[in-house]
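As a plain string of letters, each chain reads:
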There are 2 protein chains.
Amino acid sequence: MSSQPEHPTLLIPGPIEFDDAVLQSMSHFSESHVGPGFVATFGETLSLTRKLFQTTDPSAQPLVISGSGTLGWDLVAANLVEAGEDVLVLSTGYFGDGFADCFETYGAKVTKLSGPVGGRPQLPEIEKALKSKKFKVITVTHVDTSTGVLSELEKLSELVKSVSPETLFVVDGVCSVACEEIQFDKWKIDGVVTASQKAIGCPAGLSISMWSGKAVEAFNARKTPPASYFASFKNWLPIMRNYEAKKPSYFATPSPQLIHALHTSLTQILAKPLSERFAKHAEVSDRIKKIVTELGLKQVAEKPEDQAHGMTAIYLPETVKSTELLPKLAKAGVVWAGGIHKEIAPKYVRFGHMGVSVTDPNRKDVDKALDALQNGLSDLGYQKA
Amino acid sequence: MSSQPEHPTLLIPGPIEFDDAVLQSMSHFSESHVGPGFVATFGETLSLTRKLFQTTDPSAQPLVISGSGTLGWDLVAANLVEAGEDVLVLSTGYFGDGFADCFETYGAKVTKLSGPVGGRPQLPEIEKALKSKKFKVITVTHVDTSTGVLSELEKLSELVKSVSPETLFVVDGVCSVACEEIQFDKWKIDGVVTASQKAIGCPAGLSISMWSGKAVEAFNARKTPPASYFASFKNWLPIMRNYEAKKPSYFATPSPQLIHALHTSLTQILAKPLSERFAKHAEVSDRIKKIVTELGLKQVAEKPEDQAHGMTAIYLPETVKSTELLPKLAKAGVVWAGGIHKEIAPKYVRFGHMGVSVTDPNRKDVDKALDALQNGLSDLGYQKA
């Protein structure tokens with residue numbers, strides 16, 4: 001039994017429901033951010049982060065910084081790109097577009113390839129773009145939280161390496177890390193940015209990222225200084241290396257409570273093979289998508305191979321409004337999210353299925369949500385055509 | 001009795017000891033960042049922040065963003081200053097110097113006035129500098145955590161308004177907000193940046209700031225876009241206004257648990273008149289400084305009027321090393337900090353006395369620390385000359 005008070009089950013695509021031990025870690029007594037106890041905890045947390053990203057390359061470098069997932073975009077734009085350099089942004093929704101906006105803030109020249117709503121840019125057009133000019137960085141949103149569109153990383157990386165091997169390959173993994181497979185070394189990824197509050201299952205407030213030796217070298221080779229102070233690799237890299245070596249170090253005060261919670265969640269995640277975790281998310285996602293289809297509903301992500309495994313974005317029947325359905329779900333104790341893709345926002349809803357709601361066999365969150373969906377639609381007069 | 005497990009009493013200049021109810025708020029069950037419950041909590045928190053800064057001006061604007069206190073510098077440098085504009089930085093230690101570095105990252109032309117170690121720049125030299133050219137912004141570190149030097153805000157503001165009224169007056173209040181008096185409206189302050197983990201008494205992880213209508217106008221009058229994405233006023237101002245109007249809104253995911261803890265700590269602080277809180281911090285600080293002086297020890301902040309009320313930076317006797325004294329204190333269950341001012345780092349230690357350790361009559365933290373200091377010095381063979 002959970003020690004948390006009864007509350008609506010949060011099944012949006014992040015923040016997600018938290019394990020009791022993770023939440024209890026948030027109440028850890030106060031510690032010095034440079035004292036031996038906390039330095040050890042932070043150092044271990046950074047080492048656990050390497051395992052989460054399946055990297056054993058000692059030149060890879062994790063960063064864990066107080067901030068939102070969005071801060072990860074600034075890390076890329078302010079450190080890996082200099083003003084006037086070209087970047088190629090693959091967009092599959094709201095978050096790909098935001099990443100492009102962030103690059104423009106820092107003076108990068110952005111070429112954006114967008115899929116159709118619910119789809120993704122295809123390899124031949126990406127290849128054509130990569131051949132058109134020299135890009136410093138290419139970015140892809142692994143799962144765009146606005147559409148539930150999953151991008152394919154391994155083939156994309158192979159393409160980049162064959163057509164434009166100098167280009168840094170950077171992944172926005174905010175809605176994918178810890179629920180979709182990411183092999184940092186094997187897939188030759190140069191950067192993954194993510195956040196604590198999605199499949200990692202730790203409360204919001206941490207920007208978590210992993211950088212290849214090649215990315216760090218590209219940073220070191222900059223002609224101009226980094227374009228941000230709080231998001232500067234120059235300020236953070238020595239600090240993270242010191243923490244991982246269990247040496248006290250200071251640039252800006254970390255949040256001991258959030259780091260304790262992250263340590264707990266990563267320890268739980270890594271107690272089992274990651275492959276099992278990814279398979280479980282895929283199995284539950286497949287079941288959800290099958291029931292959604294049986295109900296006669298379509299997904300925003302049209303093709304099965306483009307569908308994420310930690311969330312489902314579902315088009316509503318024409319006769320049902322999200323402002324009617326979401327309150328029905330809430331009455332049944334289930335919180336889903338509305339749409340946020342500007343072209344289709346009122347027409348769809350989003351169901352997050354990540355973390356303990358999927359992996360903890362004592363939780364019936366997913367069944368409760370599917371029941372609530374069916375009852376809600378039925379109450380609103382919907383019948384499968 | 002505290003419900004926290006027994007642990008060393010943290011008396012560094014932040015993070016500080018936390019109240020039980022604040023720590024319990026950190027374990028709040030998961031909520032949607034755009035659901036009505038959390039939106040109300042965040043909106044109330046922003047309104048409480050106005051009270052903490054003693055502002056009733058509706059054109060003033062609070063921001064509460066996931067990040068460290070350091071992020072506040074980026075907020076100033078990326079929004080209120082454009083590349084090539086002049087800023088005047090008054091430095092009283094490590095943190096004034098860091099603020100200057102941050103401005104340079106964003107292309108500002110920095111004039112820095114530094115006090116002698118343990119002192120602060122004086123009004124006549126500040127007046128001379130203000131008359132030498134047009135500064136977009138002047139900044140002052142209210143209390144520099146590296147030295148415990150307190151700066152005087154009201155007279156400084158009067159000087160700025162009389163000599164260079166267009167210059168924005170910005171205060172780094174990381175180590176002063178909630179333990180030193182700050183009258184945002186009356187003292188015509190244009191910006192205060194602070195963090196959650198010092199006298200506010202909430203765990204680290206939040207950048208908290210307040211901006212005058214004049215500062216927002218200066219931002220709106222920029223010729224160039226803001227120079228940061230995550231720290232951009234353009235991205236955050238509409239979000240904060242919406243939250244305070246209890247309307248859901250999204251730019252980057254806030255940390256509901258940290259916001260709940262901040263709500264709890266601000267509610268506790270504002271349950272009594274702020275004047276009592278500041279008087280209590282001054283009273284306890286005076287007592288500490290009296291005992292330190294009676295022990296024959298000198299403070300880094302030499303003159304009484306330059307001494308902060310939430311911390312004390314104490315020079316060690318020549319025969320005592322901080323690497324000997326701090327472990328003695330730790331054995332007695334008290335955690336102090338070493339020095340971080342590069343010119344004098346090994347020669348002094350820092351004692352933080354903010355928040356519940358000062359205001360909660362059930363806590364004997366300060367007495368415990370003073371006893372540990374006297375015993376530690378005595379164990380190390382020190383006798384007052």
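Thresholds, definitions, all that
Residues numbered from 1 in each chain as written. Chains lettered and ligands numbered in written order. Predicted model: local features only at pLDDT ≥ 70, side-chain atom pairs only at ≥ 80, totals over all residues. Heavy atoms only, no water. Axes fitted to C-alpha atoms, helices over the stretch in contact; angles between N-to-C directions. Helix = DSSP H or I, 4+ residues; strand = E, 2+ residues; numbered from the N terminus. Parallel < 35°, antiparallel > 145°, perpendicular 65-115°, else oblique. Contact = heavy atoms within 4.5 Å. Nonpolar A, V, L, I, M, F, W, Y, C, P; charged D, E, K, R; others polar. Buried area = accessible area lost by both parts, 1.4 Å probe. Salt bridge = Lys/Arg side-chain N within 4 Å of Asp/Glu carboxyl O. Polar contact = N/O pair within 3.5 Å; in protein donor to acceptor, adjacent residues only side chain to side chain. Pairing = 2+ DSSP bridges. pLDDT = per-residue confidence, 0-100. UniProt positions renumbered as here; feature names shortened; annotations may be inferred. Buried < 20%, exposed > 50% of the residue type's maximum accessible area, 1.4 Å probe, protein only. Phe/Tyr/Trp six-rings, centres within 6.5 Å; stacked < 30°, edge-to-face > 60°. Least-squares fit on C-alpha atoms with pLDDT ≥ 70 in both. Core = buried A, V, L, I, M, F, W, Y, C linked by side-chain atoms within 4.5 Å. Expected span 1.5 Å × (residues − 1). Arc of directions from axis to C-beta. Left-handed = near helix turned anticlockwise from the far one by under 90°.

It is worth spelling out the packing of helix H10 (residues 274-294) of chain B against helix H13 (residues 365-379) of chain B at this point. Residues and elements named next belong to chain B. Axis separation between H10 and H13 bottoms out at 11 Å; the angle between their running directions is 10 degrees. Classed by the angle they form, the pair H10 and H13 counts as roughly parallel. Listed contacts from H13 to Val 284, Arg 287, Ile 288 and Ile 291 of H10 are Val 366, Asp 367, Leu 370 and Gln 374. For the contact of H10 with H13, the per-class residue count stands at 5 nonpolar, 1 polar and 2 charged.

Turning our attention to the interface of chain B and chain A. Across the contact, 53 residues belong to chain B and 53 residues belong to chain A. Together chain B and chain A conceal approximately 3800 Å² of surface at their shared face, both sides included; 64% is due to carbon and sulfur atoms. In this assembly, chain B and chain A are joined by 0 salt bridges. Our count for the chain B to chain A interface comes out at 14 residue pairs in polar contact (both at pLDDT 80 or more). Looking at the side of chain B that touches chain A, the element that brings in the most residues is helix H4 (residues 94-105) of chain B, giving 6 residues. Residue classes in the side of chain B that touches chain A are distributed as 28 nonpolar, 21 polar and 4 charged.

Residues and elements named next belong to chain A. Taken together, the 3 strands give an open sheet; going across it, the order is E11-E14-E13, and neighbouring strands pair in antiparallel fashion. What marks the edges here is a single partner per strand, and that holds for strand E11 (311-315) and strand E13 (337-338). For E11 and strand E14 (residues 348-352), the ladder comprises 5 bridges, and the chain directions are antiparallel. Bridge assignment links Tyr 315 to a residue of E14, and that residue is Tyr 348.

For the rest of this paragraph, the subject is the confidence of the model for chain A. When the pLDDT values of chain A are averaged, the result is 97; 100% of them are 70 or greater. For this predicted complex, the interface confidence comes out at an ipTM of 0.98, alongside a pTM of 0.98.

This part takes up the UniProt feature "modified residue: N6-(pyridoxal phosphate)lysine" (unreviewed entry) in chain A. Residue and element names in this part refer to chain A. The UniProt record marks Lys 198 with the feature "modified residue: N6-(pyridoxal phosphate)lysine" (unreviewed entry), using the residue numbering of this structure. Take Lys 198: it is sitting in the loop between strand E9 (191-195) and strand E10 (206-211). Using a relative accessible area of 7% as the deciding quantity, one classes Lys 198 as buried. Lys 198 has contacts with Pro 13, Gly 14, Ile 16, Thr 145, Val 174, Cys 175 and Met 354, leaving out every residue within four places of it along the chain.

Residues and elements named next belong to chain A. Of all the 5 residues making up E9, 5 are buried; the element is thus mostly covered by neighbouring parts of the structure. By the alternation rule, side chains of E9 split into Gly 191, Val 193 and Ala 195 and Val 192 and Thr 194, which are all buried. Taken together, the 3 bridges between strand E8 (residues 168-172) and E9 define a ladder with parallel strand orientation. In the strand pairing of E9, Asp 172 is matched with Val 193.

This brings us to the packing of aromatic side chains. For the coordinates displayed, the defined rule picks out 34 aromatic pairs over all chains. Members of the aromatic cluster, connected to one another through ring pairs, are Trp73(A), Tyr94(A), Phe95(A), Phe99(A), Phe103(A), Tyr229(B), Phe230(B), Trp236(B), Tyr250(B) and Phe251(B).

Bringing the relation of the copies chain B and chain A into the picture now. Mapping chain B onto chain A calls for a rotation angle of 180 degrees and an axial translation of 0.0 Å; the resulting RMSD is 0.0 Å. Such a turn and shift between the copies fits a two-fold axis. Among all residues of chain B, the one whose C-alpha sits closest to the rotation axis is Gly67(B), at a distance of 2.2 Å. When the interface residues of chain B are mapped onto chain A, 100% of them are again interface residues, pointing to one common binding face.

Attention now moves to the UniProt feature "binding site: substrate" (unreviewed entry) in chain A. Residues and elements named next belong to chain A. Under the local residue numbering, the UniProt record ascribes the feature "binding site: substrate" (unreviewed entry) to Arg 350. Tracing the chain through its elements places Arg 350 in strand E14. Residue contacts for Arg 350: discarding those within four places in its chain leaves Leu 11, Pro 13, Thr 145, Ser 146, Met 311, Thr 312, Ala 313, Trp 336, Ala 337, Gly 338, Gly 339 and Ile 340.

Before going further, it helps to spend a moment on the sheet that holds strand E4 (residues 109-114) of chain B. Sheet strands pair via backbone hydrogen bonds, and the direction of the pair is either parallel or antiparallel. Residue and element names in this part refer to chain B. The strand order E2-E10-E9-E8-E5-E3-E4 describes an open sheet built from 7 strands, whose pairing is mixed. The sheet is open, and its two edges are formed by strand E2 (61-66) and E4, each paired on a single side. Each neighbouring strand pair of the sheet contributes to a mean axis angle of 15 degrees, computed without reference to strand direction. Judged from the 5 bridges that link them, strand E5 (residues 137-141) and strand E8 (residues 168-172) form a sheet pairing that is parallel. By the bridge assignment for E8, Thr 141 is matched with Asp 172.

One finds Leu80(A), Phe103(A), Trp211(A), Leu80(B), Phe103(B) and Trp211(B) to be the most contacted residues of the largest nonpolar core, which totals 196 residues. Not counting residues within four places of it along the chain, the set of residues in contact with Leu80(A) comprises Leu75(A), Glu85(A), Lys136(A), Val137(A), Leu168(A), Val170(A), Trp211(A), Ala215(A), Phe219(A), Arg222(A) and Phe233(A).

For the rest of this paragraph, the subject is helix H13 (residues 365-379) of chain A. All names here are of chain A. For H13, with 15 residues, the first-to-last C-alpha span of 21 Å sits near the 21 Å given by 1.5 Å per residue. When H13 is considered as a whole, its buried residues turn out to be Asp 365, Val 366, Ala 369, Leu 370, Ala 372, Leu 373, Gly 376 and Leu 377. Angularly, the buried residues of H13 cover 160 degrees about the axis, an arc narrow enough to put them on a single face. Buried residues in H13 make contact with strand E1 (9-10), helix H10 (274-294), helix H11 (322-331), strand E12 (334-335), E14 and helix H12 (356-359). Downstream of H13 by a residue or two, Gly 381 has a phi angle that is positive, lying close to 85 degrees.

Turning our eyes to something else, we now look at the pairing of E14(A). All names here are of chain A. Among the 5 residues that make up E14, 5 are buried, leaving the element largely enclosed by the rest of the structure. Burial along E14 is two-sided: the residues Tyr 348, Arg 350 and Gly 352 and Val 349 and Phe 351 are all buried. Pairing of E13 with E14 involves 2 bridges; the strand directions are antiparallel. Each bridged residue has a counterpart across the sheet, and for Gly 338 the counterpart in E14 is Val 349.

All names here are of chain A. The end-to-end C-alpha distance of helix H9 (residues 256-270), which contains 15 residues, comes to 21 Å, matching closely the 21 Å that a straight helix rising 1.5 Å per residue would cover. The element H9 is largely enclosed, with a buried count of 12 among its 15 residues. Along H9, the residues that are buried comprise Pro 256, Gln 257, Leu 258, Ile 259, His 260, Ala 261, Leu 262, His 263, Thr 264, Ser 265, Leu 266 and Ile 269.

Turning our eyes to something else, we now look at the packing of helix H2 (residues 36-52) of chain A against H9(A). Geometrically, a packed helix pair is captured by the angle between its two axes and the distance between the axes. Residues and elements named next belong to chain A. The N-to-C vectors of H2 and H9 enclose an angle of 40 degrees; their axes lie 9 Å apart at closest approach. The orientation of H2 relative to H9 falls into the category oblique. Seen along the crossing, H2 lies across H9 with a hand that is left-handed. Contacts between H2 and H9 involve Phe 38, Thr 41, Phe 42, Glu 44, Thr 45, Leu 48, Thr 49, Lys 51 and Leu 52 on the former and, on the latter, Pro 256, Ile 259, His 260, Leu 262, His 263, Leu 266, Thr 267, Ile 269 and Leu 270. Split by residue class, the contact of H2 with H9 holds 10 nonpolar, 6 polar and 2 charged.

A separate point is the pattern of salt bridges. Residue and element names in this part refer to chain B. On inspection of all chains with the given rule, the structure shows 31 salt bridges over all chains. Put simply, Glu 244 and Arg 50 hold a salt bridge, and the shortest N to O gap is 2.8 Å. You can see Glu 244 sitting in helix H8 (residues 233-244) and its partner Arg 50 sitting in helix H2 (residues 36-52), a full 194 residues away along the chain. Just as Glu 244 is buried, Arg 50 falls in that class too.

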